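Each chain, letter by letter, is given below.
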Amino acid sequence: MTLDDLPIRDDLRGKHPYGAPQLDVPVQLNTNENPYPPSAALIDDLARAVRHGASTLNRYPDRDAVDLRKDLADYLGHGLTARQVWAANGSNEIIQQILQAFGGPGRAAIGFEPSYSMHPIIASGTSTRWIEGAREEDFSIDVGRAVAAIEEHRPGVVFLTSPNNPTGTALPLVVIESILAAAPGMVVVDEAYAEFARTGTPSALSLLPGNPRLIVTRTMSKAFAMAGTRLGYLAADPAVVDAMLLVRLPYHLSTLTQAAARVAVAHREELLGTVDRLRAERDATVEWIRHRGLEAADSDANFVLFGRFPNRRAVWEGLLEQGVLIRETGPAGWLRVSIGTSEEMAAFRAALEGVLG
Ligand SMILES: *Cc1c(COP(=O)(O)O)cnc(C)c1O
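Going along each chain's sequence as written, the residues are numbered from 1 onward. Local features are withheld for residues below a pLDDT of 70 in this predicted model, meaning they are given only at 70 or higher, and side-chain atom pairs are given and counted only at 80 or more; totals for whole chains, interfaces and linings count all residues. Just so you know, side-chain values use all the structure's heavy atoms and leave hydrogens and water out.

## Some points on the site of the ligand
Item 1. Lining the immediate environment of the ligand, one finds 13 residues, of which Ser91, Tyr193, Thr219, Ser221 and Lys222 sit closest.
Item 2. Whenever two N or O atoms come within 3.5 Å, that pair is a polar contact, provided that in protein one can donate a hydrogen and the other can accept it, and provided that, for residues adjacent in sequence, both atoms are side-chain atoms. The contact in question runs from an oxygen atom of the ligand to an N or O atom on the side chain of Asn165, over 2.8 Å.
Item 3. For the ligand, whose accessible area on its own is 390 Å², the fraction buried by protein is 94%.
Item 4. Structurally, the ligand is housed in the largest pocket.
Item 5. For the purposes of this entry, the term helix denotes a DSSP run of H or I that reaches at least four residues, the term strand denotes a run of E that reaches at least two, and both are numbered from the N terminus. The dominant element in the shell around the ligand, judged by the number of residues it contributes, is helix α3 (residues 90-102), at three residues.
Item 6. Across the shell around the ligand, the residue classes tally to three nonpolar, seven polar and three charged. Here a residue is near a molecule or strand as soon as one of its heavy atoms is found within 4 Å of it. Surface accessibility follows the Shrake-Rupley procedure with a 1.4 Å probe radius. Residue values consider only the protein chains on display as shielding. Only protein atoms enter the 1 Å grid used here. Points where a 1.4 Å probe fits but cannot escape make up a cavity, open sets with protein on both sides within 12 Å along at least five of seven lines make up a pocket, and a residue lines them when an atom lies within 4 Å of a point. Each molecule is assigned to a cavity or pocket provided more than half of its atoms lie within 2 Å of the corresponding grid points. Note on residue classes: Ala, Val, Leu, Ile, Met, Phe, Trp, Tyr, Cys and Pro are nonpolar, Asp, Glu, Lys and Arg are charged, and everything else, Gly too, is polar.

## Things to note about the domain arrangement of the chain
Item 1. With domains assigned, the chain is organised as domain 1 (21-36 + 274-356) and domain 2 (40-267).
Item 2. Residue ranges labeled as domains rest on an automatic or database domain assignment. Computed over C-alpha atoms, the centres of domain 1 and domain 2 are 26 Å apart.
Item 3. Contacts between the two partners involve 24 residues from domain 1, matched on the other side by 23 residues from domain 2.
Item 4. Two parts placed together each lose some accessible area under a 1.4 Å probe, and the buried area is that loss summed for both. In total, domain 1 and domain 2 occlude about 1,700 Å² of area from one another, counting both sides; carbon and sulfur atoms represent 55% of this.
Item 5. When the area that domain 1 buries against domain 2 is broken down by residue, the three leading residues are Arg279, Asp300 and Phe303, summing to 32%.
Item 6. Salt bridges are counted wherever a side-chain nitrogen of Lys or Arg sits within 4 Å of a carboxyl oxygen of Asp or Glu. The interface formed by domain 1 and domain 2 includes two salt bridges.
Item 7. Two residues, Asp300 and Arg198, come together in a salt bridge whose shortest N-O distance is 3.0 Å.
Item 8. In this assembly, domain 1 and domain 2 are joined by eight residue pairs in polar contact (both at pLDDT 80 or more).
Item 9. Listing elements by their share of the side of domain 1 that touches domain 2, those giving two or more residues are α10 (275-291) and β10 (303-307). Between two residues, a contact is recorded if the distance between any of their heavy atoms is within 4.5 Å.

## Some details on the sheet that holds strand β9 (residues 295-296)
Item 1. Sheet architecture is open: three strands sit in the order β9-β10-β12, paired in antiparallel fashion. For this open sheet the edge positions go to β9 and β12 (335-338), each flanked by a neighbour on one side alone.
Item 2. Any two strands with at least two DSSP bridges between them are considered paired. Inspection of the sheet shows β10 paired to β12 by four bridges, in the antiparallel sense. Bridge pairing in β12 places Phe306 opposite Leu335.
Item 3. Along the sheet, α10 makes contact with β9 and β10, crossing β10 at roughly 5°. Axis definition: a line fitted to C-alpha atoms, limited for helices to the stretch in contact. Angles are taken between N-to-C directions and run from 0 to 180 degrees.

## Looking at the pattern of salt bridges
Item 1. The full count for this structure, using the stated rule, is 21 salt bridges.
Item 2. Across the pair Arg218 and Glu195 runs a salt bridge whose closest N-O atoms are separated by 3.6 Å. With a gap of 23 residues between them, Arg218 in strand β7 (residues 214-219) and Glu195 in the loop between β6 (186-190) and β7 connect regions that are remote in the sequence.
Item 3. For Glu295, the salt bridge goes to Arg308, with nearest N and O atoms at 3.0 Å. Of the two residues, Glu295 sits in strand β9 while Arg308 sits in the loop between β10 and α11 (312-321), which places them 13 residues apart along the sequence.
Item 4. Only protein chains enter the accessibility calculation, which uses a 1.4 Å probe; a residue is then buried when its area is under 20% of its type maximum, exposed when over 50%, and partly exposed in between. Residue class for Glu295 comes out partly exposed when judged on its relative accessible area of 36%.
Item 5. Salt bridges here are not isolated pairs; linked through shared partners, they connect Asp67, Lys70, Asp71 and Arg262.

## Description of helix α5 (residues 143-153)
An α-helix turns once every 3.6 residues. As a result, residues three or four positions apart point the same way.
Item 1. Within α5, the full set of buried residues consists of Ala146, Val147, Ala149 and Ile150. Considered in projection along α5, the buried side chains sweep an arc of 160° and stay on one side of the axis.
Item 2. Elements that come into contact with the buried residues of α5 comprise β3 (108-113), β5 (157-161) and α6 (173-182).
Item 3. After α5 finishes, the residue Arg154 shows a positive phi value of roughly 50°. Comment: arc refers to directions from the helix axis out to C-beta atoms.

## Concerning the environment of Thr329
Item 1. Tracing the backbone shows Thr329 in the loop between β11 (324-325) and β12.
Item 2. On a C-alpha basis, the gap between Thr329 and Ala20 in space is 9.4 Å, while along the polypeptide they are 309 residues apart.
Item 3. Other than its neighbours up to four places away in sequence, Thr329 contacts Pro166, Leu305, Arg312, Trp334, Leu335 and Arg336.

## Comments concerning the UniProt feature "modified residue: N6-(pyridoxal phosphate)lysine" (unreviewed entry) in the chain
Item 1. UniProt positions are given in the numbering used here, feature names are shortened, and annotations may be inferred rather than shown by experiment. Mapped onto this numbering, the UniProt entry annotates "modified residue: N6-(pyridoxal phosphate)lysine" (unreviewed entry) at Lys222.
Item 2. Along the chain, Lys222 falls in the loop between β7 and β8 (232-235).
Item 3. With relative accessibility at 12%, the residue Lys222 sits in the buried group.
Item 4. Setting aside anything within four residues of it in sequence, one finds Lys222 in contact with Thr31, Asn32, Asn34, Ala192, Tyr193 and Phe196.

Structure, rendered in structure tokens:
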């Protein structure tokens, strides 16, 4: 029996699942996780909150996660309220709900690649036709080309990832504003890495007033160091939240998830306290790679895209042999390394020296 023998949807035939390798190696720098685990004090607070939540597990959770959405709105600032914030199991589920509501059969979504590999995969899962827009040589988005592609395909959803994964590139607000003006449907700015951006990099949150077709997505998986919690969220017009209510499964966010996420927001000072360290380590990594005679893309995220290698697979495997797992992704010849602790980055540099000889 194979997948092809099943009466699966025709549009899923031949598709490949998301598959970043999950390997048990000493230095894991492949999925842009935050390398710092929660402190003992945070673990104690999590355990207390989960214990309290556990005493109510015979009941369904708050279907609308109102308290958590209030906390997240406070964290985001920009005068946002719970009515403008929505939460789900990771920003991947947020993206899925957006495509369920604004994409789907007969509609298209566009992204500007290289970009986040999950956008086309979630489009496929929701039967949304995927349009592959292009970035420039320097990984920026050319407004003229982007607007032309949008006018040609009239997508229901435009994805703009800023800072972009896997390149690290942040978009100027004027690019987002121009695309908002041209797009006939929703514009999603995926800001999974916003907290890592260099000082002075503006967030698309500042564009929300007066732009009801703009959605900004965030996650606790990266800067917040809570990838295992599975908590993502969006900020948008309250009408967008109403759209999410139409497609979400009732009680999608478990009591335990809501409790853990609220503790994480309460501890945000500690959790986000690692961001400055990671940014400094990132900038040092870019400098070291360039000094080594290689190329590194400017990064506003917690990873660096570097290259170029005639045989990137050989470099990736050489690093893995030395216990360092990075990601084989991005345009041909490039590799992506997530920023870890200074010890992990030293191991990465030593392993790369070993591979390059
Ligand atoms: C990691 C990442 C996410 C996060 O997904 P979660 O489901 O919240 O873990 C979202 N968008 C981009 C661009 C990412 O790189």
